[in-house]
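Coordinates in review
One letter stands for each residue in the lines below.
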Amino acid sequence: MQGTSPVIKAVATWLTALMLTIAAAVVVIWLVNAKVYGPSKQVEDYLQALQEGDGARALGLLNAEVPEANAALLGGEALRASTDGLEVLEITEADTTVDDRKNVEVAYRLDGIEERSAFELEKTGSRWLFFDQWSFRPDSLPSVRITAANQNEAVLNGIPVLLPEGTNTFAAFYPSRVAASFSSGYFEAPEQSGVLATASGSLDLTLQSRATPELVDAVDARVREFLDNCAGEQNRLAPPGCPFYHLTDNRVEPPITWEIVEYPTVEISPAEGHWGLAPLNGTARVTATQTDLFSGAQSPLVEEKEFSFGARLSVTDGGISLTAVIE
């Protein structure tokens, strides 16, 4: 039996090497197609754009329609803050009932909460003959509505925004965390936050504005100043424009003095588009000498009089205005 010729051996070796090369190339193409150009990779690129604050790139990838709303959350620091701490737990792909479409679901942890967001992508062509091109199916961005009583501004994801007439609506990407708050020298609203996980989702965040201790202290000082001025009126049983007085049938001899025994507690709250003061209740003491008109007997006059009054409060950039309302 004659041996195999060297030429045949060479051809067989070459064919084997060629088949191995082709097989390796197929595997490489498949891996590159899945890892570099596949649906999951598009979602990863989108999430990276969000984390980098690149709203233009994120919007271009997502193919989303932007609602008629403020765009403050769609780029820069506000966008970066929306995915701060995002931890992707798993990305999975699943075929849809329509050919050349895939659903990509992302499991993640954001703001300490585990959520899932789903994206639908479709094959829209190929690159260099071998690699699939995938694109997000068009959708709309979700929105966030911020409302604040008696407030026309807020801080949204770390940036200042306006709230005309106390409210505004903002377009947002998903997934994202949105946090709103407000703080100034006189007013503050504790942070309210939520996570947007879907395109159809929406958030309504209501800020509960309240007076700061600085404002309460400032108003308290104005109230005390007003009452001290009233008490400083000499020899009057009913100081004009003041909330306390004393009525008697006796003749009262000077000196007549007033002293504030208990000052009102200042409570400030929002009321119908402005800031209102709760009724100001306190106690004053009048001291004098009185003469009984029937007997002529004299005796000390020492009376504590409870009083109550209201006040109109105005707070502007120019300062605080307080007007007492005496009924």
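Scroll up to find the structure this text is about.
Right, let's walk through the structure included here. Here, residues in each chain are numbered from 1, in the same order as that chain's written sequence. Under the rules for a predicted model, residues below a pLDDT of 70 receive no local features and side-chain atom pairs below 80 are neither given nor counted, while totals for whole chains, interfaces and linings still include all residues. As a rule here, side-chain values cover all heavy atoms of the structure and leave hydrogens and water aside.

**Things to note about the sheet that holds strand 13 (residues 202-207)**
Using the following cut-off: DSSP calls a pair of strands paired once it identifies at least 2 bridges connecting them. Secondary structure counts use DSSP, requiring at least four H or I residues in a row for a helix and at least two E residues in a row for a strand, with both numbered from the N terminus. Every angle, taken between N-to-C directions, lies between 0 and 180 degrees, and every axis is a line fitted to C-alpha atoms, over only the stretch in contact when it is a helix.
Strands sit in the order 10-7-13 across an open sheet of 3 strands; the sheet is mixed. Each edge of the open sheet carries a strand with a single partner, namely strand 10 (167-171) and strand 13. In this sheet, neighbouring strand axes are inclined to one another by 15 degrees on average, regardless of whether the strands run parallel or antiparallel.

**Quick word on the state of the cysteines**
The bond known as a disulfide is covalent and runs between the sulfur atoms of two cysteines. Put simply, the rule is: For this text, the term disulfide refers to a pair of cysteine sulfurs within 2.5 Å.
Under the counting rule described, the total for this entry stands at 1 disulfide. Between the sulfur of cysteine 230 and that of cysteine 242 lies a disulfide, 2.0 Å long from S to S. Because the torsion about its S-S bond is -95 degrees, the bridge between cysteine 230 and cysteine 242 counts as left-handed. Of this pair, cysteine 230 sits in helix 5 (residues 213-231) while cysteine 242 sits in the loop between helix 5 and strand 15 (251-262), and the two are 12 residues apart along the sequence.

**Some words on the side chain of aspartate 45**
Which entries qualify depends on this criterion: Burial status follows relative accessibility: with a 1.4 Å probe on protein chains alone, a residue under 20% of its type maximum counts as buried, one over 50% as exposed, and anything between as partly exposed. Here a residue-residue contact requires only that any non-hydrogen atoms of the pair lie within 4.5 Å.
With respect to the element layout, aspartate 45 can be found in helix 2 (residues 39-52). For aspartate 45, a relative accessible area of 13% puts it in the buried group. Apart from residues no more than four positions distant in its own chain, aspartate 45 is found in contact with Arg57 and Leu61.

**Observations concerning helix 3 (residues 55-62)**
Basically, it comes down to this: Read the arc as the range of directions from the helix axis to the C-beta atoms.
Taken together, the buried positions of helix 3 are Gly55, Ala58 and Leu62. The arc that holds the buried residues of helix 3, viewed along the axis, is 65 degrees, so those residues lie on one side. Every exposed residue of helix 3 that faces more than 90 degrees away from the buried side is listed here: Ala56 and Gly60.

**As for the packing of aromatic side chains**
Selection rule: Between the rings of Phe, Tyr and Trp (Trp by its six-membered ring), a pair exists once the centres lie within 6.5 Å; its type follows the angle of the planes, with under 30 degrees stacked, over 60 edge-to-face, and the other angles tilted. Two conditions define a charge sitting above a ring: the NZ of Lys or the CZ of Arg must be within 6 Å of the ring centre, and it must be within 35 degrees of the ring normal.
Following the criterion strictly, the structure yields 10 aromatic pairs and no others. Considering the side-chain rings of tyrosine 46 and phenylalanine 119, the 5.6 Å spacing of their centres and the 70 degrees angle between planes classify their relative orientation as edge-to-face. One end of the pair, tyrosine 46, is in helix 2; the other, phenylalanine 119, is in strand 4 (residues 113-127), with 73 residues separating them in the sequence. The exposure class assigned to phenylalanine 119 is buried, which follows from its relative accessible area of 3%. On the numbers, 5.7 Å between centres and 85 degrees between planes, the contact of phenylalanine 119 with phenylalanine 136 is edge-to-face. You can see phenylalanine 119 sitting in strand 4 and its partner phenylalanine 136 sitting in strand 5 (residues 131-136), a full 17 residues away along the chain. With relative accessibility at 3%, the residue phenylalanine 136 sits in the buried group. The structure contains a cluster of three or more aromatic residues connected by ring pairs, namely Tyr46, Phe119, Phe136, Phe173 and Tyr174. Over the ring of tyrosine 263 we find arginine 224, and its NZ or CZ is 4.2 Å from the ring centre.

**Structural notes on unusual backbone geometry**
Here tyrosine 174 and proline 175 are connected by a cis peptide whose omega angle stands at 0 degrees. Within the fold, proline 175 resides in the loop between strand 10 and strand 11 (176-183). Of note, the bond from proline 254 into proline 255 is cis; its omega dihedral lies within 30 degrees of zero at 0 degrees. You will see that asparagine 157, though not glycine, has its phi angle at about 50 degrees, which is positive. Relative to the assigned elements, asparagine 157 resides in the loop between strand 8 (153-156) and strand 9 (159-162). Residue classification places asparagine 157 among the buried positions, given a relative accessible area of 9%.

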